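Per-entry structural report
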Number of protein chains: 4
Amino acid sequence: MTAAEQSPLRVAVIGAAGRMGAEACRAVEAAPDLELVAELGRGDALDLITEAGAQVAVDLTVPSVTAENVRWLVEHGIHAVVGTTGWTEEGLDALREQLAGADGVGVLIAPNFAIGAVLAMRFAETAARYYESAEIIEMHHPNKVDAPSGTARHTAAAIARGRAAGGLGPVPDATEKDPEGARGAIVDGVHVHAVRQRGLVAHEVVQFGGPGEQFQIRHDSFDRASFMPGVLLGVRAVSSHPGLTVGLDGYLELD
Amino acid sequence: MTAAEQSPLRVAVIGAAGRMGAEACRAVEAAPDLELVAELGRGDALDLITEAGAQVAVDLTVPSVTAENVRWLVEHGIHAVVGTTGWTEEGLDALREQLAGADGVGVLIAPNFAIGAVLAMRFAETAARYYESAEIIEMHHPNKVDAPSGTARHTAAAIARGRAAGGLGPVPDATEKDPEGARGAIVDGVHVHAVRQRGLVAHEVVQFGGPGEQFQIRHDSFDRASFMPGVLLGVRAVSSHPGLTVGLDGYLELD
Amino acid sequence: MTAAEQSPLRVAVIGAAGRMGAEACRAVEAAPDLELVAELGRGDALDLITEAGAQVAVDLTVPSVTAENVRWLVEHGIHAVVGTTGWTEEGLDALREQLAGADGVGVLIAPNFAIGAVLAMRFAETAARYYESAEIIEMHHPNKVDAPSGTARHTAAAIARGRAAGGLGPVPDATEKDPEGARGAIVDGVHVHAVRQRGLVAHEVVQFGGPGEQFQIRHDSFDRASFMPGVLLGVRAVSSHPGLTVGLDGYLELD
Amino acid sequence: MTAAEQSPLRVAVIGAAGRMGAEACRAVEAAPDLELVAELGRGDALDLITEAGAQVAVDLTVPSVTAENVRWLVEHGIHAVVGTTGWTEEGLDALREQLAGADGVGVLIAPNFAIGAVLAMRFAETAARYYESAEIIEMHHPNKVDAPSGTARHTAAAIARGRAAGGLGPVPDATEKDPEGARGAIVDGVHVHAVRQRGLVAHEVVQFGGPGEQFQIRHDSFDRASFMPGVLLGVRAVSSHPGLTVGLDGYLELD
């Protein structure tokens with residue numbers, strides 16, 4: 001019996017009126033093995049979720065309400081897939097404690113649902129052991145207010161871990177004169193460059209170099225749709241991952 | 001005590017007069033933890049290796065003599081790192097049998113010593129589970145006589161394994177009219193394109209695509225020097241990998 | 001007095017209900033120096049255009065009606081910007097004849113309104129004089145039915161003209177074994193590779209190579225919006241280009 | 001009669017012992033239509049050039065002697081192709097004055113003999129008219145002491161000229177928080193990013209962006225050999241360009 005032949009998994013989306021939420025509703029509806037049973041907007045009572053018999057809820061709301069939403073879901077034995085940012089260490093600790101007593105309930109909190117971004121970070125950490133040079137170029141639309149991107153910062157940290165594991169020292173760099181700062185930001189010892197360009201969405205290039213050799217990993221997100229495979233993967237897998245998982249990579253088969 | 005403070009590992013190079021062999025001699029000499037104790041060209045007696053007290057030998061010769069060389073090395077308890085191609089299944093089986101009785105001797109046979117090519121193949125297999133589309137573009141100097149490259153064929157096979165593991169069917173492709181064959185070769189269900197361009201050496205791009213998203217892995221080999229980190233990694237690690245290992249990936253930490 | 005301070009140019013769009021037409025309507029409305037005065041769908045009478053006092057009409061209809069539409073526009077002294085394909089040599093000749101007697105009326109027929117595609121083709125022709133090797137990789141969404149793309153064919157022709165002007169012979173290529181056709185299509189002596197990938201839209205890479213060197217031109221179209229700057233440039237410039245112009249490059253300053 | 005059937009052009013190389021000079025000697029020797037008649041190293045008398053009957057001399061020396069060399073060449077009616085940097089405005093003016101009285105003698109002073117770099121700059125200036133966003137990424141080996149590269153600075157200036165000609169204002173950029181300087185240098189209003197990576201030589205990427213669109217020009221120099229086609233083009237064409245020409249683009253057919 002294939003997944004699609006079983007009764008479909010019953011899914012609720014909280015924050016359904018937002019752009020990510022609307023996209024998630026469409027993606028759940030389009031998946032033959034999932035059924036969208038509740039769409040909650042701002043002000044809607046969470047009881048709608050239990051009334052609809054949802055087994056999994058996707059939270060794509062805002063930092064101020066996500067912790068409260070997830071607490072309620074766990075209390076009611078509903079698995080949660082959370083894309084909202086803004087979780088504090090205290091919030092995560094409280095959630096872990098609650099889950100310790102909630103037999104079998106799973107929560108996935110993922111700051112980035114783009115599978116490609118997660119793969120890029122993981123591969124970058126592995127490759128970093130083997131290359132003398134490593135730099136990151138992240139490229140986004142020109143309306144982005146901060147530089148470099150959070151994904152680039154996380155990738156730099158992953159590269160730094162890989163370099164440490166490989167016993168590598170600082171990257172080679174003979175630059176003496178750089179009056180305007182062309183060498184970019186240095187994050188965890190890794191140079192990071194931020195390009196802002198009309199027509200682009202969200203892109204990351206990780207470049208490694210050794211004698212006579214270059215190795216590159218690149219991820220391009222052209223559209224919010226690129227996050228949906230990661231959301232659906234989380235929805236399908238959360239019930240078999242009881243307790244708290246932070247980061248989509250915990251659900252990917254990356255060995 | 002660091003590796004460099006220990007007595008250096010004693011290394012012989014067989015095929016030292018060839019281009020790869022000469023490069024390997026230079027790389028061994030430049031490494032503080034290795035000592036080049038013998039360089040053998042065509043016609044030199046293998047006894048030079050034992051007389052020089054070599055602990056590891058690098059074989060970069062030709063298909064017609066490599067199997068004989070390695071048999072001799074194992075008989076004399078010398079670890080072997082082999083870059084020569086042309087090994088048959090029978091040859092490998094005979095070697096495995098010999099090694100079963102040669103306590104602690106290690107042999108690494110690696111068709112490709114470019115760490116980047118090995119990483120590209122491994123990462124491609126992992127990423128392939130998660131993307132609907134996958135294609136390979138390999139690019140080489142225009143003197144190459146065969147297309148596509150062996151590396152591209154191996155990468156296509158790796159992608160096919162990844163797709164199977166991820167439960168994916170055929171790649172989407174609505175092409176109806178392609179009179180001149182612009183869609184390229186199909187290897188294990190994966191389209192492979194071969195570019196031949198003056199100024200290039202050996203390059204591989206693996207492109208994955210999903211809704212609103214692209215993921216790329218790229219390896220550029222500009223110079224034979226790019227194979228040397230892989231050769232040295234093999235030389236250093238072969239004594240702690242008794243028996244036969246085929247492929248450098250068995251020596252890399254790729255979890 | 002800037003363009004925006006003058007009375008805006010009055011523009012009609014024929015084929016306004018199609019995808020390109022709808023995009024063109026939005027683009028005209030958003031431009032401060034243009035005024036959208038008529039939107040015609042299938043079956044609407046062309047008289048609406050003169051009644052609305054349009055000075056320029058954009059034709060984004062279908063091959064079967066475009067020639068008739070343009071004849072009517074020229075008769076009524078209205079400049080035309082035409083994106084519809086399917087014009088025959090006979091059709092173009094008849095139009096030229098009509099325009100010879102239509103003092104000052106301009107018609108632009110452009111098979112491709114993407115300024116970047118036009119620039120890529122022009123630059124490719126110039127660069128082709130100076131490089132021994134030249135290949136094209138075009139990449140599109142997997143629903144495309146033909147390969148290679150028309151743009152790639154035109155670019156190959158442009159490269160062939162450049163090579164001839166530079167006195168270059170055939171590209172170097174030692175390929176002897178290519179059983180599956182990995183070397184792609186050969187169009188006007190130029191190898192062309194077609195990639196089909198979910199998530200992509202329309203992309204072209206032109207690669208040139210010489211000893212120790214590579215030169216690349218790349219154009220990425222992520223969205224139909226990328227055609228609008230070309231449409232608007234045509235709308236603004238058509239009245240100062242009387243007679244027939246085929247191809248947007250006649251309007252660009254490319255010296 | 002083809003060029004190769006005429007008597008070959010007699011060429012001298014000054015600075016023949018340097019790396020660029022040695023490469024130039026090899027390139028001249030390999031060209032069937034050129035004859036290498038004199039190779040001068042440090043301390044060699046310039047008279048060797050006239051004694052050898054050279055028609056064109058290539059100066060690849062050092063800033064302190066190049067002006068003196070060229071003055072001597074012009075006095076003796078020998079055309080000069082100069083790759084040495086360090087010419088001052090005064091030096092150029094003095095040379096122009098001398099050339100005004102030296103009937104038919106040509107001098108080419110080219111800061112960059114890579115045809116690709118010259119093409120990239122020229123194409124960038126043209127494309128810049130048509131795109132809202134423009135950024136430069138230059139990539140070099142990690143031993144380079146200054147950032148950004150001179151080529152990137154010249155390209156930024158070319159883009160600024162193109163934007164001015166196209167009536168474009170500042171590039172769009174909403175960045176508010178960039179504590180570590182990830183947005184790179186700003187040269188003539190264009191963001192410039194400098195990557196330093198082992199294994200690379202000299203590379204430049206120019207990226208343009210508009211709504212739904214990206215346009216890129218990329219030049220890769222893998223080897224000093226990449227400068228030789230430009231040197232040979234200069235040697236062959238200098239006699240038909242009397243007077244002073246600064247920049248190889250004056251010799252290219254770039255319309």
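Residues numbered from 1 in each chain as written. Chains lettered and ligands numbered in written order. Predicted model: local features only at pLDDT ≥ 70, side-chain atom pairs only at ≥ 80, totals over all residues. Heavy atoms only, no water.

1. Side note on the pattern of salt bridges
To keep things clear, this is the line we draw: Criterion for a salt bridge: a side-chain nitrogen of Lys or Arg within 4 Å of a carboxyl oxygen of Asp or Glu. Under the scheme used here, helices are H or I runs from DSSP no shorter than 4 residues and strands are E runs no shorter than 2 residues, and both carry numbers assigned from the N terminus. Categorising residues by exposure relies on relative accessible area from a 1.4 Å probe, with only protein chains included: less than 20% of the type maximum marks a residue as buried, more than 50% marks it as exposed, and the intermediate range marks it as partly exposed.
For the coordinates displayed, the defined rule picks out 48 salt bridges over all chains. The salt bridge partner of D33 of chain A is R236 of chain A, with a shortest N-O separation of 2.7 Å. Remark: R236 of chain A occurs in helix α7 (residues 228–237) and D33 of chain A occurs in the loop between α1 (19–30) and β2 (34–40); sequence separation between them is 203 residues. Residue R236 of chain A is classed as partly exposed on the basis of its relative accessible area of 40%. One salt bridge connects R26 of chain D with E23 of chain D, and the closest N-O pair in it is separated by 3.2 Å. Taken as a pair, R26 of chain D and E23 of chain D lie in helix α1 (residues 19–30) at a separation of three residues, close to a single helical turn. Bridged by salt links that share partners, the residues E135, D173 and R183 of chain A form one connected network.

2. Comments concerning the pairing of strand β6 (residues 133–140) of chain A
All names here are of chain A. Heads up, the condition is: For two strands to pair, DSSP has to find at least two bridges joining them.
β6 sits mainly inside the fold: eight of its eight residues count as buried. Across the two faces of β6 the burial is the same, with S133, E135, I137 and M139 and A134, I136, E138 and H140 all buried. Here β6 runs beside strand β9 (residues 202–210); their pairing, made up of eight bridges, is antiparallel. Looking at β9, one finds that H140 is bridged to A202.

3. Side note on the UniProt feature "active site" (unreviewed entry) in chain A
Selection rule: UniProt positions are given in the numbering used here, feature names are shortened, and annotations may be inferred rather than shown by experiment. In protein, a polar contact means a hydrogen-donor-capable atom and an acceptor-capable atom, both N or O and within 3.5 Å, with residues adjacent in sequence counting only if both atoms are side-chain atoms; elsewhere, any N or O pair within 3.5 Å suffices. Contacts: residue pairs with any heavy atoms within 4.5 Å of one another.
Cross-referencing UniProt, the feature "active site" (unreviewed entry) maps to H140 and K144 of chain A in the present numbering. Assignment of secondary structure puts H140 of chain A in strand β6. In this structure the side chain of H140 of chain A is engaged in a polar contact, spanning 2.8 Å, whose partner is the side chain of E138 of chain A. Within the secondary structure, K144 of chain A is located in the loop between β6 and α6 (150–165). In this structure K144 of chain A comes out as buried when scored by relative accessible area, which is 16%. Setting aside anything within four residues of it in sequence, one finds K144 of chain A in contact with S149 and R196 of chain A together with A174 and T175 of chain D.

4. Considering the domain arrangement of chain A
Residues and elements named next belong to chain A. Filter applied, for reference: What marks off one domain from the next here is an automatic or database domain assignment. Throughout, buried area stands for the accessible area (probe radius 1.4 Å) lost by two parts on being put together, summed over both. Charged residues are taken to be Asp, Glu, Lys and Arg, nonpolar residues to be Ala, Val, Leu, Ile, Met, Phe, Trp, Tyr, Cys and Pro, and polar residues to be all remaining types, Gly included.
According to the domain assignment, chain A consists of domain 1 (3–109 + 225–251) and domain 2 (115–222). One C-alpha centre belongs to domain 1, the other to domain 2; they are set 31 Å apart. Taken together, the contact between domain 1 and domain 2 spans seven residues of the former and four residues of the latter. Between domain 1 and domain 2, the buried area comes to about 420 Å², and carbon and sulfur atoms account for 64% of it. Its largest share of buried area at the contact with domain 2, domain 1 owes to S226, L248 and D249, together 73% of the area lost on that side. Counting across the domain 1 and domain 2 interface gives zero salt bridges. Classifying every residue of the side of domain 1 that touches domain 2 gives four nonpolar, two polar and one charged.

5. Some words on the interface of chain C and chain B
Each side of the interface is counted separately: chain C has 46 residues, and chain B has 46 residues. Summing both sides of the interface, chain C and chain B together bury roughly 3,400 Å²; the carbon and sulfur share of this comes to 50%. Linking chain C to chain B there are four salt bridges. Taken together, the links from chain C to chain B amount to 28 residue pairs in polar contact (both at pLDDT 80 or more). Breaking the side of chain C that touches chain B down by element, the ones donating at least two residues are β6 (133–140), β7 (185–187), β8 (190–196), β9 (202–210) and β10 (213–221) of chain C. At five residues, β8 of chain C tops the list of elements feeding residues into the side of chain C that touches chain B. Grouping the amino acids of the side of chain C that touches chain B by side-chain chemistry returns 19 nonpolar, 13 polar and 14 charged.

6. Thoughts on the nonpolar core
To keep it simple, the criterion reads: Buried Ala, Val, Leu, Ile, Met, Phe, Trp, Tyr and Cys residues form a nonpolar core when they are joined through side-chain atoms within 4.5 Å.
Residues F208 of chain C together with F208 of chain D are the most contacted members of the largest nonpolar core, which totals 109 residues. Once residues lying within four places of it in the same chain are set aside, the contact partners of F208 of chain D are Q197 of chain A together with A124, A127, A128, Y131, S133, A134, I159, E213, Q214, F215 and I217 of chain D. Membership of the second largest hydrophobic core comes to 108 residues, among which are A31, L34, L60 and L232 of chain A.

7. A short note on the sheet that holds strand β9 (residues 202–210) of chain D
To keep things clear, this is the line we draw: Here an angle of 0 to 180 degrees is reported between the N-to-C directions of two axes, which are lines fitted to C-alpha atoms, with helices fitted over the stretch in contact.
Taken together, the 10 strands give an open sheet; going across it, the order is β7(C)-β8(C)-β6(C)-β9(C)-β10(C)-β10(D)-β9(D)-β6(D)-β8(D)-β7(D), and neighbouring strands pair in mixed fashion. Strands at the two margins of the open sheet, each flanked by one partner only, are β7 of chain C together with β7 (185–187) of chain D. Each neighbouring strand pair of the sheet contributes to a mean axis angle of 20°, computed without reference to strand direction. Pairing analysis gives nine bridges linking β9 of chain C to β10 of chain C, with the strands arranged antiparallel. Looking at β10 of chain C, one finds that G209 of chain C is bridged to Q214 of chain C. Sheet strands touched by helix α5 (residues 115–128) of chain C: β9 and β10 of chain C together with β10 (213–221) of chain D. Its angle to β10 of chain D, the strand with the most contacts, is close to 20°. Across the sheet, helix α6 (residues 150–165) of chain C is in contact with β6, β7, β8 and β9 of chain C; its angle to β6 of chain C comes to roughly 170°.

8. A few points about unusual backbone geometry
For residues that are not glycine, phi is negative in most cases, and the peptide bond is trans in most cases. A cis amide bond, omega -5°, links A147 of chain A with the succeeding residue P148 of chain A. In this fold, P148 of chain A is placed in the loop between β6 and α6. The residue D188 of chain B is not glycine, and still its phi comes out positive at about 50°. Inspection of the secondary structure puts D188 of chain B in the loop between β7 (185–187) and β8 (190–196).

9. Structural notes on the UniProt feature "domain: Dihydrodipicolinate reductase N-terminal" (unreviewed entry) in chain A
Residues given the UniProt feature "domain: Dihydrodipicolinate reductase N-terminal" (unreviewed entry) here are residues 10–113 of chain A. Between the end C-alpha atoms of residues 10–113 of chain A the distance is 20 Å, and the span holds 40% helix and 23% strand.

10. Comments concerning the relation of the copies chain C and chain B
Formally: Residues reaching a pLDDT of at least 70 in both copies supply the C-alpha atoms on which the copies are superposed by least squares.
Superposing chain C onto chain B takes a rotation of 180° plus a shift of 0.0 Å along the axis, which leaves an RMSD of 0.1 Å. Such a combination of turn and shift is consistent with a two-fold rotation axis. Closest approach to the rotation axis within chain C is made by the C-alpha atom of G184 of chain C, at a distance of 2.3 Å. Most of the interface of chain C is mirrored in chain B: 100% of its interface residues are interface residues there too.

11. So, the packing of helix α5 (residues 115–128) of chain A against α6 of chain A
A pair of packed helices is captured by two measures, namely the crossing angle of their axes and the spacing between those axes. Residue and element names in this part refer to chain A. Selection criterion: Here the word oblique covers every angle except those under 35 degrees (roughly parallel), over 145 (roughly antiparallel) and from 65 to 115 (roughly perpendicular). Crossing chirality is assigned from the near helix's rotation relative to the far helix, an anticlockwise turn below a right angle marking it left-handed and a clockwise turn marking it right-handed.
Interaxial distance between α5 and α6 falls to 7 Å at its minimum, and their mutual angle equals 25°. Between α5 and α6, the interaxial angle falls into the category roughly parallel. The crossing of α5 and α6 is right-handed. Residue-level contacts link A117, M121, A124, E125 and A128 of α5 to T151, H154, T155, A158, I159, R161, G162 and R163 of α6. By residue class, the composition of the contact of α5 with α6 is six nonpolar, four polar and three charged.

12. Let's talk about empty space enclosed by the protein
Rolled over the atoms, a probe with the dimensions of a water molecule shows which regions are left empty. Operational definition: A cavity, in this analysis, means grid points on a 1 Å lattice covering only the protein atoms where a 1.4 Å probe fits yet has no way out; a pocket is instead an open set bounded by protein on both sides within 12 Å along at least five of seven lines, and a residue lines either one if it has an atom within 4 Å of a point. Grid points are joined across faces, edges and corners, and a volume is the space filled by probe spheres set on the points.
This structure, assessed with the given rule, holds three cavities of 30 Å³ or more. Taken as a whole, the largest cavity holds about 730 Å³ of empty space. What lines the largest cavity is a set of 48 residues, among which Q216 and R218 of chain A, R218 of chain B, R218 of chain C together with R218 of chain D lie closest to the centre. Classifying every residue of the lining of the largest cavity by side-chain character gives 24 nonpolar, 16 polar and eight charged.

13. A closer look at the packing of aromatic side chains
Filter applied, for reference: Two aromatic rings from Phe, Tyr or Trp, using only the six-membered ring of Trp, form a pair when their centres are within 6.5 Å; if the ring planes differ by under 30 degrees the pair is stacked, by over 60 it is edge-to-face, and anything between is tilted.
Under the counting rule described, the total for this entry stands at 16 aromatic pairs over all chains. An angle of 65° between the planes, with centres 6.0 Å apart, marks the rings of F215 of chain C and F123 of chain D as edge-to-face. Of the two residues, F215 of chain C sits in strand β10 while F123 of chain D sits in helix α5 (residues 115–128), which places them in two different chains. Each member of the pair, F215 of chain C together with F123 of chain D, is buried. Pairing Y131 of chain D with F215 of chain D gives two aromatic rings, centres 6.0 Å apart and planes at 10°, and the pair type is stacked. Of the two residues, Y131 of chain D sits in the loop between α5 and β6 (133–140) while F215 of chain D sits in strand β10, which places them 84 residues apart along the sequence. You'll find Y131 of chain D and F215 of chain D in the same group, each marked buried.

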